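# Architecture at a glance
Spelled out, the chains give:
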Amino acid sequence: MASTLSVSTPTVNQASRRSLTPLQVPQRLLLGPGPSNADPTVVAAMNQQPIGHLDPAYLGLMNEVQDLLRYAWQTQNPLTYPVPGTGSAAMEATLANMVEPGDVVLVAVKGYFGHRLVDMAGRYGGDVRTIHKAWGQAFDLAELRAALETHRPQVLAIVHAETSTGVRQPLEGLGALCREFDCLLIVDTVTSLGGVPIFLDDWQVDLAYSCSQKGLSCPPGISPFTLGERAIAKLQNRRTPVANWYLDASLLQKYWGSDRTYHHTAPVNMTYALREALRLLAEEGLEARWQRHQQNAERLWDGLEALGLNCHVDREFRLPTLTTVRVPAGVDPKAVSRTLLNEYDIEIGGGLGELAGQVWRIGLMGANSHPENVDRLLETLAQVLAQK
Ligand SMILES: *Cc1c(COP(=O)(O)O)cnc(C)c1O
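A brief look at the structure comes next. What you are looking at is a predicted structure, and each value in this text was computed from that prediction instead of being measured. (Residues numbered from 1 in each chain as written. Predicted model: local features only at pLDDT ≥ 70, side-chain atom pairs only at ≥ 80, totals over all residues. Heavy atoms only, no water.)

What follows covers the overall build of the chain. Scanning the chain for helices and strands turns up 13 helices and 14 strands. At 22 Å, the chain has a C-alpha radius of gyration in line with the 21 Å of a compact globule built from 388 residues. C-alpha atoms of the chain, sized along the principal axes, occupy 75 × 60 × 45 Å. The burial tally for the chain puts 53% of its 388 residues in the buried class. In the chain, the proportion of contacts linking residues at least 24 apart, taken out of those at least 6 apart, comes to 73%. In the form shown here, the chain has an accessible surface area of approximately 17300 Å², with 51% of it arising from carbon and sulfur atoms. With 33 positive and 40 negative side-chain charges, the chain shows a separation of 5 Å between the mean positions of the two kinds. (Helix = DSSP H or I, 4+ residues; strand = E, 2+ residues; numbered from the N terminus. Rg over C-alpha atoms; globule rule 2.2 N^0.38 Å. Buried < 20%, exposed > 50% of the residue type's maximum accessible area, 1.4 Å probe, protein only. Contact = heavy atoms within 4.5 Å. Areas by Shrake-Rupley, 256 points an atom, 1.4 Å probe, with all protein chains shown as cover. Lys, Arg positive; Asp, Glu negative; His and termini not counted. Charge placed at Lys NZ, Arg CZ, Asp CG, Glu CD.)

All chains considered together, the criterion is met by zero disulfides. Cys 183 supplies the cysteine sulfur nearest to Cys 178, a cysteine that is in no disulfide, at a spacing of 4.4 Å. For Cys 178, a relative accessible area of 0% translates into the label buried. Here Cys 211 stays free of any disulfide, with the sulfur of Cys 218 as its closest cysteine sulfur at 9.1 Å. With a relative accessible area of 2%, Cys 211 lands in the buried category. (Disulfide = S-S within 2.5 Å.)

Next up on the list: helix H9 (residues 249–256). For H9, the complete set of buried residues consists of Ala 249, Leu 252, Tyr 255 and Trp 256. Take H9 and look down its axis: the buried residues cluster within an arc of 110°, on one side only. Residues of H9 that are buried sit in contact with helix H3 (56–73), strand S2 (79–84), helix H4 (87–98), strand S10 (222–227) and helix H8 (229–236). (Arc of directions from axis to C-beta.)

A few words now on the sheet that holds strand S13 (residues 349–350). Across the sheet, which stays open at both edges, the three strands sit in the order S11-S14-S13 with antiparallel pairing between neighbours. Two strands close off the open sheet at either side, each with one partner strand: strand S11 (322–326) and S13. Relative to strand S14 (residues 359–363), S11 runs antiparallel, the two sharing five bridges. Counterpart to Arg 326 in the pairing with S14 is Val 359. (Pairing = 2+ DSSP bridges.)

Once that is clear, we can look at the site of the ligand. Close to the ligand lie 14 residues, the nearest being Thr 86, Ser 88, Thr 163, Asp 188 and Lys 214. Contact between the ligand and Thr 191: an oxygen atom at 3.0 Å from a side-chain N or O atom of the residue. In the environment of the ligand, an oxygen atom lies 2.7 Å from a nitrogen or oxygen atom belonging to the side chain of Lys 214. Relative to its unbound accessible surface of 380 Å², the ligand loses 89% to contact with the protein. Only H4 and helix H5 (112–123) provide two or more residues apiece to the shell around the ligand. Counting residues per element, the shell around the ligand draws most heavily on H4, at three residues. The residue inventory of the shell around the ligand, partitioned by class, reads five nonpolar, six polar and three charged. (Near = heavy atom within 4 Å. Polar contact = N/O pair within 3.5 Å; in protein donor to acceptor, adjacent residues only side chain to side chain. Nonpolar A, V, L, I, M, F, W, Y, C, P; charged D, E, K, R; others polar.)

A few words now on helix H11 (residues 286–306). Here H11 spans 30 Å end to end across 21 residues, near enough to the 30 Å set by a 1.5 Å rise per residue. Along H11, the positions that sit buried rather than exposed are Leu 286, Arg 289, Trp 290, His 293, Asn 296, Ala 297, Leu 300, Trp 301, Gly 303 and Leu 304. One face of H11 carries all of its buried residues, which in axial projection span an arc of 165°. More than 90 degrees from the buried face of H11, the exposed residues found are Glu 287, Gln 295 and Ala 306. Where H11 is buried, its residues touch H3, helix H10 (268–284), S11, S14 and helix H13 (371–387). (Expected span 1.5 Å × (residues − 1).)

Further remarks concern the pattern of salt bridges. Any two side chains of opposite charge can pair, on the condition that their charged atoms come close. Per the stated rule, a full pass over the model turns up 19 salt bridges. One salt bridge connects Arg 28 with Asp 345, and the closest N-O pair in it is separated by 2.7 Å. Of the two residues, Arg 28 is situated in the loop between helix H1 (14–18) and strand S1 (29–30) and Asp 345 in the loop between helix H12 (333–344) and strand S12 (346–347); the sequence distance between them amounts to 317 residues. Residue classification places Arg 28 among the partly exposed residues on the basis of a relative accessible area of 29%. Put simply, Glu 64 and Arg 275 hold a salt bridge, and the shortest N to O gap is 2.5 Å. You can see Glu 64 sitting in helix H3 and its partner Arg 275 sitting in helix H10, a full 211 residues away along the chain. Classification of Glu 64 by relative accessible area gives partly exposed; the value is 34%. For Arg 275, a relative accessible area of 25% corresponds to the partly exposed category. (Salt bridge = Lys/Arg side-chain N within 4 Å of Asp/Glu carboxyl O.)

Moving on, we get to the nonpolar core. The biggest cluster of nonpolar side chains holds 86 residues, and the ones touching the most others in it are Ile 158, Leu 174 and Leu 227. Filtering out sequence-adjacent residues up to four positions away, Ile 158 remains in contact with Ala 108, Lys 110, Leu 117, Phe 139, Leu 144, Gln 169, Leu 171, Leu 174, Leu 185, Ile 186, Val 187 and Asp 188. (Core = buried A, V, L, I, M, F, W, Y, C linked by side-chain atoms within 4.5 Å.)

Quick look at unusual backbone geometry now. In this chain, Gly 34 is followed by Pro 35 through a cis amide linkage whose omega measures 0°. Here Pro 35 shows up in the loop between S1 and helix H2 (40–46). Phi at Arg 152 takes a positive value of approximately 45°, unusual for a residue other than glycine. Note on placement: Arg 152 falls in the loop between helix H6 (141–151) and strand S5 (155–159).

So, in structure tokens, the structure goes:
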């Protein structure tokens, strides 16, 4: 059909002219709170052509990802699959599915990501209650029991690996306690999956979520999510539909379960990447992988001490995947991070929330947890601190 409108020739403005040169990405060693560097074989897996998300070959691949995820988390949960998006999407999936308006949701807050859980639970109409611990400490079982007695929540949410503080929250006994109070237990394993021992079924965790770009050494964009039997019962007995269509597990399970009914176009290449990352994890073996993370973290802690630096968290509760180091008096933390990045291509993180300006955050996650990386960082940090 002929148009009567006169159309001018499209032009490219000055700013977008610069983006006509092929993409060049600097080579960085990512030792911050995430993302970690993707393993080269993961990048290779991702670089293959997409296939249809209902192709039998793809459906087979989905089964493999589910099996590998169950191994990584040590769970038998049938509903174990990745959702599109980053860790926050999987976090939101747990709350969107479990929280109905008026439900009492107790969040044990001991850092930045506890606050994010509070924010999200409130958006789904939860009657949110909180208990708090100083940033750098973990809750003990007696404190959690007292809070369950006081608040009688339908859901308790807690972060296993608090990336803002470097604290590992012990979870032994918490699942049994939640059952005693007929409460569902949601655990954030975003910075623990693939680096810190997790036994989801032994610990009687009802729902968990994670991400791809931290302990699994895969790029960000796809995030593991799992529901146990008690969570599924709650889902089936909801009075109201899940308020988030995209993350509604009762719809998603028709695609990830036996029906394979179309729900959304799966992020096919991210699924390739995640499958390869999980295959590498299974090839190494969980025990060996956990030990490697622990050993390299101890190498880092000893090295930092030798430089006269102090870790923020007591050794007993330190995460092997993320270490918070106190910034010495008189040192500008941002200047140090900037020099590390611009002159040495090493990324580390700064403090978040209450710890802003007080600590650096050093991640040793997945493939990046390696003695050579620890030594390279320690040597560089010593040089940079000597100049400041
Ligand atoms: C990184 C992180 C998240 C959020 O994940 P994104 O991938 O950034 O969306 C949630 N919880 C914890 C503990 C994290 O470290």
